[in-house]
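Close look at the chain arrangement
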Amino acid sequence: MSSQAGSSTRSSMTIGTRLGLFIVLFFTLVSVFSPWLAPFKADQNFQDALKRPPAWSEGGQAQFVFGTDDLGRDILSRLIRGAPVSLGLGLSVVIFSILFGTFTGLLAGTIGGWVDQGCSRIMDIIMALPSMLMAIVVIAVLGPSLTNTVIALGLVGVPSIFRIVRGGALGEVRKNYVIAAKTFGAGWFRVAFRHVLPNCMSLLIVQGTLGLSNAILDAAALGFLGLGAQPPIPEWGTMLSDSRSFIESSPWMVTLPGLCILLVVIGLNLLGDSLRDRLDPKLRKIS
Amino acid sequence: MRKSIFRAMLLAWTIALGQLTFMPLVFAGAKTLVYCSEGSPKTFNPQLATDGTSANASAHTVFNRLVEFKEGSSEIIPALAESWVIAKDSLKYTFKLRKGVKFHSNSFFKPTRDMNADDVVYSFQVQMDPKNPLTLKNGNYEYFTSMEMDKIIKSITKVDDYTVEFVLSRKEAPFLANLAMDFTSVLSKEYAESLLKAGQVLETISTNPIGTGPFVFKSYQKDTIIRFTAHENYFRGKPKIDSLVFAVTPDASVRYQKLKAGECHFVSEPAPADIENIAKNPKLKLMKEPGLNVGYLAFNTEKKPYDSLKVRQAIMHALNRQSYIDAVYLGHATIAKNPMPPLIWSYNDKVKDYEYNVEKAKQLLKEAGYEKGFDAEMWALPISRPYNPSGKKLAELMQSDLAKIGIKLKISTFDWPIHLEKSRNGEHQMIQAGWTGDNGDPDNFLNILLSCASVPSGTNVARWCYKPYNDLVTQAKQMTNQQKRTELYKKAQVIFKEQIPWVTLAHAQVFRAMSSQVSGYTIHPFGGDLLKKWILNKIIVLALTLFGASLISFFLVRLVPGDPVLNLLGERGGSVEQIETMKARLGLDKPLPVQYLSFLKNSLMGASLVGYSMPIFWWGLLLILFFSVHLGILPVSGRIDIVYDIPTKTGLLLIDTWLSAEGAVAFFSALKQLLLPAIVLGTIPLAMISRMTRSSLLEVLSEDYVRTARAQGIPERLVIWRVAFRNALIPIVTLIGLLVGSIMTGAVLTETLFSWPGVGLWLVKSVEARDYPVIQGGILYASFGVALINLTVDALYTKLNPKLRMTQ
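Reading the values: rules and limits
Residues numbered from 1 in each chain as written. Chains lettered and ligands numbered in written order. Predicted model: local features only at pLDDT ≥ 70, side-chain atom pairs only at ≥ 80, totals over all residues. Heavy atoms only, no water. Helix = DSSP H or I, 4+ residues; strand = E, 2+ residues; numbered from the N terminus. Buried < 20%, exposed > 50% of the residue type's maximum accessible area, 1.4 Å probe, protein only. Contact = heavy atoms within 4.5 Å. Areas by Shrake-Rupley, 256 points an atom, 1.4 Å probe, with all protein chains shown as cover. Disulfide = S-S within 2.5 Å. Phe/Tyr/Trp six-rings, centres within 6.5 Å; stacked < 30°, edge-to-face > 60°. Polar contact = N/O pair within 3.5 Å; in protein donor to acceptor, adjacent residues only side chain to side chain. Pairing = 2+ DSSP bridges. Axes fitted to C-alpha atoms, helices over the stretch in contact; angles between N-to-C directions. Left-handed = near helix turned anticlockwise from the far one by under 90°. pLDDT = per-residue confidence, 0-100. Salt bridge = Lys/Arg side-chain N within 4 Å of Asp/Glu carboxyl O. Nonpolar A, V, L, I, M, F, W, Y, C, P; charged D, E, K, R; others polar. Core = buried A, V, L, I, M, F, W, Y, C linked by side-chain atoms within 4.5 Å. Expected span 1.5 Å × (residues − 1). Patch = residues over 30% accessible without salt bridge, like charges linked within 9 Å, V, L, I, M, F, W, Y side chains within 5 Å. 1 Å grid on protein atoms, 1.4 Å probe; cavity = no way out; pocket = protein on both sides within 12 Å on 5 of 7 lines; lining within 4 Å. Points joined across faces, edges and corners; volume = space filled by probe spheres on them. Parallel < 35°, antiparallel > 145°, perpendicular 65-115°, else oblique.

1. Some details on the overall build of chain A
Counting its regular elements, chain A contains 12 helices and zero strands. For chain A, the succession of helices and strands along the chain, N to C, is α-α-α-α-α-α-α-α-α-α-α-α. The proportion of buried residues among the 287 residues of chain A is 54%. The long-range share in chain A, meaning contacts at least 24 apart out of those at least 6 apart in sequence, stands at 70%. Here chain A displays about 12500 Å² of accessible surface, and carbon together with sulfur accounts for 67% of that area.

Here it is, written out as structure tokens:
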């Protein structure tokens, strides 16, 4: 808490951070190189090898390291090819909400007045609607697909970003350097993006990382309800819920995608936490 | 329009022969049979029921018909009618009714007479004549009209108390079979009249049904439980069980877990994946029947290129149907070659099937002028049915098969109402469909699914109107000579196979699973102390194990020779100071017990991180597997043990149980049922709150006033609880406020998993059903709740934060 933590700020990282960084880097690399890493195509059926257990257990085949699913598809390949889908999905969701949230937040925070009132009330309304339900309704209207999942979850994530940016902006606009910039004739755009935004950046990054893990979990939940990615896209959440009736007879089909989600989300949370510890001015004071 | 949508809804029929009979189930010592049903009935009036679930809860339990299907076959046997005579011209049917058939009674109706011709005439007339005073004004007798009974029946008259005469307006071969269908169930006229006389709403007959069947309706709690008791004076003899309970359990894997845990004695439609395990499990019994169904892939023959026979044949040859049987149906089906299952008379076994042959398919495609293939779209069946357990998976397999002949397939899935609506309009190219027969007549498949007349009504999804075929099935419908009909239907099947408007996929077997210990089963009235002890023991053991494991892992690591610090510093080592700082940073300079405590603390934070990162449905399934199935100490799902029938006073079972006669035992049962859902739903909030508490407390502890308090020598315990915690509470309370809102409606997954009739589930269901008033009202309700909680949180702030108190 006191001196020891202080010494660890820049030079070295805690075990948690390292672990988080390692996990996230690992899955990022897997995503980027997935077409070369995966031994098979995601939708390639081996009709004579249905529900093969992983290679190390009895009845497994060396060819299918993590076994095959009920349609005879190699699970390892599906997991590898699912990595860019799940991570990309989370990333798109976060980018979507950051774009909208930042823009509206800056508008509201720097202009103030009725713009602030209007934006804030709209965000309050979105906030008041339970997020999962809101996403379900959006998808019911638009139809289930990857793009619509991104839109639905992105929309749900906008208010938290908005609040952070608006809060930060409200604090900054009253500061002298902003007033000085204004007196020198800086326009709204310059004030908002050159002066105010950089000061909210650290919080945005933290919220972004944590939002990423949330988005991955929520996408999996939508997949569970049959509203997420559509076949044959090997999204982890959909893989998990598609095979959940096999939880007893062929547990590996359920366990492996579940573990992948768990690992990625833990990694992102660890990373987000340590980022918060470093970047959040409030918390920086403590350490 | 409604009618045709409805006809299409019949595609959803699930139970083989539409029959699920509870009557013959025998329990040696047992008195209550629990059936885990797949959903809630929409009505208890079989005249209005359009789905198998409603029919099971009404037609097959509470009611009888003039004639009925013999169990497990399409043979027609006498029921309320003892015998019948069909006139030579086949236009007049005369039924002799059984004497001494008693109706049920309930708290506000006691029948004064036996079932007679009045009841039969009434049951048909209300459906035929919208002006009949006993017709339900809001009722939609869809089944009756969609079977064209209003056109077929010219008149129905009471000849004497025990004789009824039907006059038909045209020859209709399947008429007798129609009379065995659920919608012709006989209701009590006296009941309807007595309701009107008492000034009660007539709709009560659909919510509190009175029939002649083996079971008497007792009570229904929506989405939870339906209770029936045995009908003492049932005309086929009193059922062997005293009471029958339907525990509504929408999730197939949960149903199976409940069966294993002994919470259900009987389930229909176990998931195909579980069938192997059920068969292996000595505690369970699996019953298998060939299903009266067909699953198929229909081409929209009105659209290019599917209007070309060669293209259809090419696709037929390209699809490896045996692989679908293995992978999707898990082997519990046979390849279909005709549009109706072999069980139905006139099935033409001489029809030759198309073989799987990729080369031939390519050749045919070339002949049709699509050598390079084309882009195609297929609509997957959005729901799971025995004839197609997983439309999505089936579509994925077809996608890879079709890719081999150059057809690029796009798979689309719409939700059920939209799927029906769009397919009726013919917007599809290829579509997965299926049918479960509802009266065992070939007409029920060959005519309804493939005739010209069913193109506009939406059941002919191939939109295939082929005159030579259509003539045959229309002709056969108006004959009564079964031999001649057989000939015509056999010919029709040959034409179908030549033209292949569908790829016939499978006839699936239908399964029911039940507990084999049923005979010796007696439900423990809570099992009281025994269970409580059990839980306690298990929890203590669990806690001890965890503690032991953590101790061992901690000390073992430290007993292993080698200094972790030196290891960390690398081979070049470091100065003494460096080592000391490193030790201090890792906390290794503290005594072992202190190190252990901090290790515990860290692993607790780690555990909360894992909880926070867990996909909640996976977590729930794991918990059910462990606590309910493996250890068997907690119930799988539901709100209270079904032995307790608690009258609803407040709607909160935890309070109602204290007000009821059962008292504490029932209370504990309700509490026990709450445990798992609460843990699952609470995991993420628990993790979030603990993390928030940690960071908030850390922040406050660094404040000056905390330092002052410490300097004054106030004990650390007091510093933390009195000084710091109170101030740290503000962000925690905010978080709790936010979480309550999302928990309240966001618990959809938990509710689905544990069959908990909650707001979230209700809203998701209404989104699926496009029930706009419910969606609007529900969302408003949820938002109101959230706003209310935020208000409370704001009020709490002022209490908690002295600064805010001062400014006011």
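2. Examining the state of the cysteines
Residue and element names in this part refer to chain B. In the structure shown here, the tally under the stated rule is two disulfides over all chains. Here C36 is linked by a disulfide to C264, with a sulfur-sulfur distance of 1.7 Å. The sign of the -60° torsion about the S-S bond sets the C36-C264 disulfide as left-handed. Taken together, the residues C36 in strand β1 (residues 32–37) and C264 in the loop between α9 (252–260) and β11 (266–268) connect sequence positions 228 residues apart. Across the pair, C264 and C36 agree in class, each one buried. One disulfide in the model links C452 with C465; its S-S distance is 2.0 Å. In this structure the cystine formed by C452 and C465 twists about its S-S bond by roughly 95°; its chirality is therefore right-handed.

3. A short note on the packing of aromatic side chains
Residue and element names in this part refer to chain A. A complete count under the given rule lists 35 aromatic pairs over all chains for this structure. When the centroid spacing of 6.4 Å and the interplanar angle of 20° are considered together, the rings of F22 and F26 count as stacked. Here F22 pairs with F26, and both are found in helix α2 (residues 15–32), just four residues apart, close to one helical turn. With relative accessibility at 55%, the residue F22 sits in the exposed group. By relative accessible area, which is 43% here, F26 ends up partly exposed.

4. Examining the side chain of S274 of chain A
Along the chain, the position of S274 of chain A falls in helix α11 (residues 251–279). A polar contact of 3.1 Å, which involves the side chain of S274 of chain A, links it to the backbone oxygen of L271 of chain A.

5. Things to note about the pairing of strand β18 (residues 502–515) of chain B
All names here are of chain B. With respect to burial, β18 is a largely interior element, 13 of its 14 residues being buried. Where β11 and β18 come together, three bridges link them in antiparallel fashion. Within β18, the residue paired with V267 across the bridge is A513. By the bridge criterion, seven bridges tie strand β12 (residues 284–290) to β18 in an arrangement that is antiparallel. By the bridge assignment for β18, K288 is matched with F511.

6. With respect to the packing of helix α6 (residues 131–142) of chain A against helix α7 (residues 146–173) of chain A
Residues and elements named next belong to chain A. Close contact between α6 and α7 brings their axes to 9 Å; oriented N to C, the two are set at 145°. For the crossing formed where α6 meets α7, the hand is right-handed. Two secondary-structure elements touch here, α6 through S131, M134, A135, V138, I139 and L142 and α7 through N148, T149, I151, A152, L153, L155 and V156.

7. Here we look at the confidence of the model for chain A
Counting all residues, the mean pLDDT for chain A is 80, and 92% of those residues have values of 70 or more. Mean pLDDT across the elements of chain A bottoms out in helix α1 (residues 3–7) of chain A (41) and peaks in helix α4 (residues 75–111) of chain A (89).

8. Here's the deal with the interface of chain B and chain A
At the interface, 58 residues of chain B touch 54 residues of chain A. The tally of links from chain B across to chain A stands at one salt bridge. Two residues, R73 of chain A and E396 of chain B, come together in a salt bridge whose shortest N-O distance is 2.3 Å. Linking chain B to chain A there are one residue pair in polar contact (both at pLDDT 80 or more). With seven residues, helix α14 (residues 391–403) of chain B is the single largest residue contributor to the side of chain B that touches chain A. Considered class by class, the residues forming the side of chain B that touches chain A number 29 nonpolar, 15 polar and 14 charged.

9. Quick word on the nonpolar core
Core analysis: the biggest nonpolar cluster contains 78 residues, and I136, L225, W236 and I261 of chain A together with F617 of chain B have the highest contact counts within it. It is α11 of chain A that contributes the most residues to this core, 12 residues altogether. Look past the residues within four positions of F617 of chain B in its chain and what remains in contact with it is A220, A221, F224 and L240 of chain A together with L749 and L753 of chain B. Counting 64 residues, the second largest nonpolar core, distinct from the first, contains F63, F215, I241 and M514 of chain B.

10. As for α14 of chain B
Between its terminal C-alpha atoms α14 of chain B stretches 18 Å, which fits the 18 Å expected from 13 residues at 1.5 Å a residue. Burial analysis of α14 of chain B places 12 of its 13 residues in the buried class, which makes it a mostly covered element.

11. Some thoughts on a nonpolar patch on the surface
Residues and elements named next belong to chain A. Residues L29, V32, F33, W36 and L37 make up a contiguous nonpolar surface patch of roughly 570 Å² in combined accessible area. Those elements that place two or more of their residues in the nonpolar patch are α2 and α3 (34–37). When you line up the elements, F33 lands in the loop between α2 and α3.

12. Structural notes on empty space enclosed by the protein
For the structure shown, the criterion picks out seven cavities of 30 Å³ or more. Approximately 90 Å³ is the volume found for the second largest cavity. Around the second largest cavity, the lining residues are D69, D70, R73, I75, R78, M239, D242, S243 and M253 of chain A together with K393 of chain B. Every element with two or more residues in the lining of the second largest cavity is listed here: α4 and α10 (236–242) of chain A. Considered class by class, the residues forming the lining of the second largest cavity number three nonpolar, one polar and six charged.

13. Here's the deal with the packing of helix α9 (residues 188–224) of chain A against α11 of chain A
Residue and element names in this part refer to chain A. Packing of α9 against α11 leaves a shortest axis separation of 9 Å and a crossing angle of 165°. By the angle between their directions, the pair α9 and α11 is classed as roughly antiparallel. Along this stretch, α9 crosses α11, giving a crossing that reads as left-handed. Of α11, the residues touching α9 (which contributes S202, I205, V206, T209, L210, L212, S213, I216, L217 and A220) are I261, V264, V265, L268, N269, L271, G272, D273, L275, R276 and L279. Looking at the contact of α9 with α11, its residues break down into 14 nonpolar, five polar and two charged.

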